[in-house]
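Structural characterization, general
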Amino acid sequence: MSCIEHKTTASPHNGEAGRDHNPFDVMAPRAPRKTPVDRKNGKHVKANDIPPQGVYLPNNNILAPHMKSPEYVQLSTAAAITLGIMGGRMYGCECTRCLNLLLTYPEGCRANCAYCGLARHREADRDYADRNFIRVDWPAVPMTDIIDIVARDPENSPFHRMCISMITHPRSEEDTFTVLKQWTDRIDPAAIPVSILSNPTTMTRDDVQRTRDLGADIFTVALDAATPGLFDRTRGKGVQSPHKWSKYWDIMLEARDIFGPQKFGAHIIVGMGETEYEVLNLVQELVDLGGHSHMFCFFPEQGSLMDHLPATPRDQWRRVQLARYLIDYRDARVEQMRFDDQGRVTDYGIANAELADIIDEGIAFRTSGCPGKFQDDISACDRPYGDSPPSDIASYPFAPKKKDIKRIRRQLDIPVTLE
Ligand code: SF4
């Protein structure tokens, strides 16, 4: 069995102050400031009423046009490059395999999640269409333009999946249905399956059913926080945000009923103050329900209420990434693992040789999310550099190479045995 004693001295893989994990006390968001009345609800974008003219590339120095879903959606920089709408190259990747779409409105998302670049408090200084989200810009594009490009040859598209991210807005259900229907009317979901990243706060069981009836393949819930206390602190009443842990679970259980095993899951951000034991218990709970966890490494998003806090130290992240992969795809159980008095993994509960093989395969350290067309444990949603800079990769958007595996092993504190 692989048993690891954690060092108490600072290591180059540790975060600030030599910590090898982000403890709860350190990870407190700052309080949101009051938004001036003339900046609330996208008021000036609506007042200026500048007509959109096709693709809008985020630019905080010009007035954002008056764009809204379902006619317009935003898409990740990686998806825009892959579609040919934007120029640019991504370190180590030719393209992304997931077309991530985000509903868009001048009012933006009405929630205030502390780690998120799209949060409501940002209306004080940045229009919604200009906000960074998971470290990148999100250009706005007419939905019909996107469908026209992909519908030319869906079978041979670089995209293995499309995903609609709902935000917290009174129109988000209706517009999700419209965007989904427009897509499935022209693109066979068997060629490019669709995932829904839902907004449980405003959804009912019927809404979940409707996404299934319109052709969605997987339904996910962004729990993001790993415990009810952290959820409340980062996306509930702690930051004047409307979300409730219990509602997220209710909708996820509806999705389990409607979509079935392996077709639902939850997003979790690692390193916001939970222990490794807590997050891995949640991973186990999801697997026991028949679902999957999709993991993100906490990164202090610029402009968010947590942008002053440390990114998750690589030690903590790698341990959780590896243990989560073992639970999700290799039939390991959290009960077989061992943890120290701070909840850190000390033993993965499987034989050393098997663990070494799994580490060397590298899949455990790739971006996790809904599957693409390669194999079940390789995510279509590769989100290049959504949770780290390319200089210190957290989630690998490509198959880690030998030198990457050596680095990962050092970060895990497991001896390097590769040549
Ligand atoms: S609901 Fe989603 S998009 Fe809105 S602030 Fe929270 S995490 Fe960001």
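For the structure, see preceding data.
This report concerns the structure included in the present document. Note that the coordinates shown come from a computational prediction; the quantities given were computed from them, not determined experimentally. (Residues numbered from 1 in each chain as written. Predicted model: local features only at pLDDT ≥ 70, side-chain atom pairs only at ≥ 80, totals over all residues. Heavy atoms only, no water.)

Remarks on the overall build of the chain
Within the chain, the regular secondary structure consists of eleven helices and ten strands. Radius of gyration (C-alpha) of the chain: 21 Å, near the 22 Å computed for a compact globule of 419 residues. Projected onto the principal axes, the alpha-carbon positions of the chain cover approximately 60 × 50 × 40 Å. A buried classification covers 60% of the 419 residues belonging to the chain. Across the chain, contacts joining residues at least 24 apart in sequence account for 75% of those joining residues at least 6 apart. When the accessible surface of the chain is summed, it comes to about 16,900 Å², and 49% of that surface belongs to carbon and sulfur atoms. Side-chain charges of the chain comprise 51 positive and 58 negative groups, with the mean position of each set lying 4 Å from the other. (Helix = DSSP H or I, 4+ residues; strand = E, 2+ residues; numbered from the N terminus. Rg over C-alpha atoms; globule rule 2.2 N^0.38 Å. Buried < 20%, exposed > 50% of the residue type's maximum accessible area, 1.4 Å probe, protein only. Contact = heavy atoms within 4.5 Å. Areas by Shrake-Rupley, 256 points an atom, 1.4 Å probe, with all protein chains shown as cover. Lys, Arg positive; Asp, Glu negative; His and termini not counted. Charge placed at Lys NZ, Arg CZ, Asp CG, Glu CD.)

Concerning the sheet that holds strand S6 (residues 218-224)
Overall, mixed pairing links the eight strands, which are arranged S3-S1-S2-S4-S5-S6-S7-S8 in an open sheet. Edge positions in the sheet fall to strand S3 (140-142) and strand S8 (292-297), since each has one partner strand and no second. Taking each pair of neighbouring strands and ignoring which way they run, the sheet shows an average axis angle of 30°. Two strands pair when backbone bridges link them, and strand S1 (residues 72-75) and S3 are joined in this way by three bridges, in the antiparallel orientation. Bridged to Gln74 within S3 is Ala140. (Pairing = 2+ DSSP bridges. Axes fitted to C-alpha atoms, helices over the stretch in contact; angles between N-to-C directions.)

Considerations on the side chain of Ser395
As for its position among the elements, Ser395 is in the loop between helix H10 (352-361) and helix H11 (402-412). A polar side-chain atom of Ser395 sits 2.7 Å from a polar atom in the side chain of Asp387. (Polar contact = N/O pair within 3.5 Å; in protein donor to acceptor, adjacent residues only side chain to side chain.)

Some thoughts on the packing of helix H4 (residues 172-186) against helix H5 (residues 205-213)
At a minimum axis separation of 10 Å, H4 and H5 run at an interaxial angle of 10°. By the angle between their directions, the pair H4 and H5 is classed as roughly parallel. Packed against H4, whose contacting residues are Glu173, Glu174, Phe177 and Leu180, the element H5 presents Asp207, Arg210 and Thr211 at the interface. Looking at the contact of H4 with H5 residue by residue, the classes come out as two nonpolar, one polar and four charged. (Parallel < 35°, antiparallel > 145°, perpendicular 65-115°, else oblique. Nonpolar A, V, L, I, M, F, W, Y, C, P; charged D, E, K, R; others polar.)

What about the packing of aromatic side chains?
Throughout the structure, instances matching the rule amount to ten aromatic pairs. Judged by centre distance (6.2 Å) and plane angle (70°), the rings of Tyr91 and Phe398 are edge-to-face. One end of the pair, Tyr91, is in the loop between helix H2 (77-83) and strand S2 (98-103); the other, Phe398, is in the loop between H10 and H11, and 307 residues separate them in sequence. Look at Phe398 and you get buried, because its relative accessible area is 8%. Ring centres 5.6 Å apart and planes at 40° place the aromatic pair Tyr325 and Tyr329 in the tilted group. Taken together, the positions of Tyr325 and Tyr329, both in helix H9 (residues 314-329) and four residues apart, correspond to about one turn of that helix. What makes Tyr325 buried here is its relative accessible area of 1%. Given the relative accessible area of 22%, Tyr329 is considered partly exposed. The structure contains a cluster of three or more aromatic residues connected by ring pairs, namely Tyr91, Tyr385, Tyr396 and Phe398. Positioned above the aromatic ring of Phe24 is the side chain of Arg233, whose terminal nitrogen or guanidinium carbon lies 3.7 Å from the ring centre. Over the face of the ring belonging to Phe296 we find Arg383, whose NZ or CZ atom lies 4.0 Å from the ring centre. (Phe/Tyr/Trp six-rings, centres within 6.5 Å; stacked < 30°, edge-to-face > 60°. Lys NZ or Arg CZ within 6 Å of the ring centre and 35° of its normal.)

Focus on unusual backbone geometry
The amide bond that connects Ser69 to the next residue, Pro70, takes the cis arrangement and shows omega of 10°. Relative to the helices and strands, Pro70 is located in the loop between helix H1 (43-48) and S1. The phi torsion at Arg135 lies on the positive side, around 75°, for a residue other than glycine. By the element assignment, Arg135 lies in the loop between S2 and S3. In this structure Arg135 comes out as partly exposed when scored by relative accessible area, which is 30%. Residue Asp224 is not a glycine yet carries a positive backbone phi of 65°. Structurally, Asp224 can be placed in strand S6.

Structural notes on the pairing of S1
Here S1 shows no split at all, with Tyr72 and Gln74 on one side and Val73 and Leu75 on the other all buried. Sheet topology places S1 next to S2; three bridges connect them, and they run antiparallel. Counterpart to Gln74 in the pairing with S2 is Leu102.

By themselves, these figures tell us nothing about what the structure is for.
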